[in-house]
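Examining the three-dimensional arrangement
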Amino acid sequence: MNQPRTLGELLQTPEYAERAPFDGKVRTVQDEVRENLTRKLRSGEELFPGVVGYDDTVIPQLVNALLARQNFILLGLRGQAKSRILRAITGLLDDVVPVIDGVDMPDDPLNPIGAEGRHLLEVHGHDLPIRWLPRDARYVEKLATPDVTVADLIGDVDPIKAARLGTSLGDTRSMHFGLLPRANRGIFAVNELADLAPKVQVALFNILQEGDVQIKGYPIRLELDVMLVFSANPEDYTARGKIVTPLKDRIGSEIRTHYPQDVRLGMDITAQEAVRAEGVTVPPFIAELIEEIAFQAREDGRVDKLSGVSQRLPISLMELAAANAERRSLVSGDVAVVRVSDVYAGLPAITGKLELEYEGELKGADQVARDVIRKAAGAVFARHYGSADTRELEKWFEAGNVFRFPQGGDAASALRAAKEVPGLTDLAAHVAQSRDDAVRVSAAEFVLEGLYGRKKLSRAEETYAAPEPELRRERGGRWN
């Protein structure tokens with residue numbers, strides 16, 4: 001692209017032809033975002049690609065905040081796509097914008113706010129060198145931690161720079177700029193805002209609202225053009241810190257995020273985010289089982305509700321289950337189709353993402369995770385196949401028979417072994433909706449796991465048997 005390289009060349013372009021230095025015609029970042037957003041709304045373009053499940057809740061509130069030119073905060077538990085949404089806002093910026101070349105802080109060549117930029121404009125005039133800043137470079141993100149200082153975000157006095165330039169320490173030209181000034185003409189995002197020390201929070205908004213801040217006793221004035229966006233976890237208000245009142249008062253909108261409200265939406269998110277090898281098949285009933293595990297965990301009384309259950313759980317579980325199926329196929333030479341046993345092999349993806357209450361700690365994360373898988377299998381089976389006639393199958397187990405589901409070998413031999421259980425292969429064919437032996441094997445194991453989840457069978461590792469007496473009594477109260 002033959003972009004202008006000097007201010008004079010820039011002023012010859014149609015967009016800037018009627019402009020002049022210091023003309024006061026300032027197009028702020030919020031104005032820019034609003035203009036591009038209105039254009040996309042009129043044309044029906046997708047606003048935030050990759051953000052699923054918020055069409056009727058979060059996104060309308062977010063659009064309203066952006067149209068109103070407001071700074072905002074996304075408030076929600078972990079794994080609710082807060083950071084993804086913040087990064088997606090860069091799609092509402094212009095492809096490129098001109099800034100003064102040779103300065104640390106991106107500055108408008110027509111209306112520079114920094115002392116260095118103003119000096120260069122006065123010295124060079126229309127020969128002022130400019131460069132073009134792409135939209136990706138205009139997004140600056142900082143994860144807040146208690147040790148973050150004002151110097152990190154705003155900047156600090158640099159005595160060596162002051163001596164070299166011959167300026168006083170209170171001159172902005174003697175400053176070493178922090179992240180916020182370097183985000184000028186862009187978007188500055190702070191994740192986990194409540195973790196910032198109160199004095200840093202005050203300085204952050206003081207520089208944006210009043211345009212000044214004191215650094216080591218020297219008043220520094222910067223009229224920054226920055227769109228400020230935040231994210232925070234509600235737990236942070238009591239567990240680690242809080243958002244100070246002056247800052248909360250200045251944030252235009254507080255937008256609450258949430259987990260997927262429907263299993264199907266959760267499945268769409270997991271399918272979009274999970275990375276697995278090509279050639280690994282995940283049957284629909286297994287994909288739904290993996291997603292249901294997260295939903296069941298969020299309702300389990302042994303799991304801490306304040307911490308939540310991240311959407312990363314089903315994503316990681318899908319990846320591990322697919323990897324285990326791939327490993328089995330590499331050993332056996334058979335096709336890779338994910339089974340229930342592969343879901344159990346993905347236990348590390350569950351146990352590492354559950355914050356347990358006291359009762360859960362007593363049982364242990366591994367046992368809680370297994371219980372959640374059982375409940376999820378029962379829920380998915382009941383949702384789709386609860387009316388299926390399984391009396392013949394149950395009687396076979398109640399007669400004292402035990403069935404160990406084959407884990408090795410090819411799918412054809414595993415399917416022949418499954419015929420030992422009356423009615424199992426017929427029901428598996430109905431569930432699988434496929435003639436592929438490997439998918440039917442996966443469906444057969446899912447059927448047994450679903451009956452185990454409904455307390456109609458008991459399970460020990462890969463072995464299924466008649467329900468224990470206490471499970472039978474519980475089943476009689478809950479399912480019949």
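Here the structure is shown first, and the text comes after it.
These notes cover the structure that comes with them. In this text, all values refer to a predicted model and were calculated from it rather than measured experimentally.

**Here's the deal with the overall build of the protein**
- Of regular secondary structure, the protein possesses 23 helices and 16 strands.
- Taken over C-alpha atoms, the radius of gyration comes to 30 Å for the protein, far larger than the 23 Å a tight globule of 480 residues would show.
- Projected onto its principal axes, the C-alpha coordinates of the protein cover approximately 95 × 50 × 40 Å.
- In the protein, which comprises 480 residues, the proportion classed as buried is 53%.
- Total accessible area on the protein stands at roughly 22,000 Å², and carbon and sulfur atoms take up 48% of it.

**Re the side chain of N111**
- Here N111 is to be found in the loop between β2 (96–100) and α5 (115–124).
- Overall, the relative accessible area of 13% leaves N111 in the buried class.

**Some remarks on the packing of helix α13 (residues 284–299) against helix α18 (residues 365–385)**
- One can describe the packing of α13 onto α18 by two numbers: an axis separation of 8 Å at closest approach and a directional angle of 125°. If you check the angle between α13 and α18, you find them oblique. For α13 against α18, the interelement crossing comes out right-handed. Note on element contacts: α18 touches α13 through V372, I373, K375, A376, A377, A379, V380, R383 and H384, opposite F285, E288, L289, E292, I293, Q296 and A297.

**Points about helix α22 (residues 437–453)**
- With 17 residues, α22 should reach 24 Å at 1.5 Å per residue; the first-to-last C-alpha distance of 24 Å fits that figure.
- Extensive coverage of α22 is indicated by the burial of 15 of its 17 residues.
- Directly after α22, the chain includes K455, whose backbone phi takes a positive value near 70°.

**Overview of the packing of aromatic side chains**
- As enumerated under the stated definition, the model contains 7 aromatic pairs in all.
- Measuring from centroid to centroid gives 6.3 Å for F381 and F446, while their planes differ by 55°, and the two rings are tilted. Pair noted here: F381 is in helix α18 and F446 is in helix α22, with a separation of 65 residues, a long-range link.
- Assessed through its relative accessible area of 0%, F446 is described here as buried.
- Here the aromatic rings of W396 and F397 are separated by 5.0 Å at their centres, their planes lie at 85°, and the arrangement is edge-to-face. In terms of burial, W396 and F397 fall into one category: buried.

**Overview of the environment of M227**
- Relative to the helices and strands, M227 is located in strand β10 (residues 226–232).
- Judged by relative accessible area, M227 falls into the buried class, the value being 1%.
- Separated by 42 residues in the primary sequence, M227 and R185 have C-alpha atoms spaced 8.0 Å apart.

**Brief notes about helix α2 (residues 29–43)**
- Taking 1.5 Å per residue as the helical rise, α2 with its 15 residues ought to reach 21 Å, and the 21 Å between its terminal C-alpha atoms agrees with that figure.
- Looking at the buried residues of α2, the elements they touch are α3 (58–67), β2, β7 (186–191) and β10.
- G44 sits one or two residues past α2 and shows a positive phi near 80°.

**Re the sheet that holds strand β11 (residues 253–256)**
- One open sheet holds the 5 strands; their spatial order is β4-β7-β10-β1-β11, and the pairing between them is parallel. Strands at the two margins of the open sheet, each flanked by one partner only, are β4 (139–143) and β11. On average, each strand axis in the sheet is tilted by 20° relative to the strand beside it, whichever way the strands run.
- The sheet contact formed by β4 and β7 spans 5 bridges and is parallel. Residue pairing across strands places K142 opposite V190, the latter belonging to β7.

**Considerations on the pattern of salt bridges**
- For the coordinates displayed, the defined rule picks out 21 salt bridges.
- For D342, the salt bridge goes to R328, with nearest N and O atoms at 2.6 Å. One end of the pair, D342, is in helix α15 (residues 340–345); the other, R328, is in helix α14 (residues 312–332), and 14 residues separate them in sequence. Exposure class is identical for D342 and R328. Each is buried.
- The salt bridge partner of E449 is R459, with a shortest N-O separation of 2.9 Å. Placement of E449 in helix α22 and of R459 in strand β15 (residues 458–460) is noted, with a sequence separation of 10 residues between them. Like E449, the residue R459 is buried in the burial classification.

Rules of the game
- Residues numbered from 1 in each chain as written.
- Predicted model: local features only at pLDDT ≥ 70, side-chain atom pairs only at ≥ 80, totals over all residues.
- Heavy atoms only, no water.
- Helix = DSSP H or I, 4+ residues; strand = E, 2+ residues; numbered from the N terminus.
- Rg over C-alpha atoms; globule rule 2.2 N^0.38 Å.
- Buried < 20%, exposed > 50% of the residue type's maximum accessible area, 1.4 Å probe, protein only.
- Areas by Shrake-Rupley, 256 points an atom, 1.4 Å probe, with all protein chains shown as cover.
- Axes fitted to C-alpha atoms, helices over the stretch in contact; angles between N-to-C directions.
- Parallel < 35°, antiparallel > 145°, perpendicular 65-115°, else oblique.
- Left-handed = near helix turned anticlockwise from the far one by under 90°.
- Contact = heavy atoms within 4.5 Å.
- Expected span 1.5 Å × (residues − 1).
- Phe/Tyr/Trp six-rings, centres within 6.5 Å; stacked < 30°, edge-to-face > 60°.
- Pairing = 2+ DSSP bridges.
- Salt bridge = Lys/Arg side-chain N within 4 Å of Asp/Glu carboxyl O.

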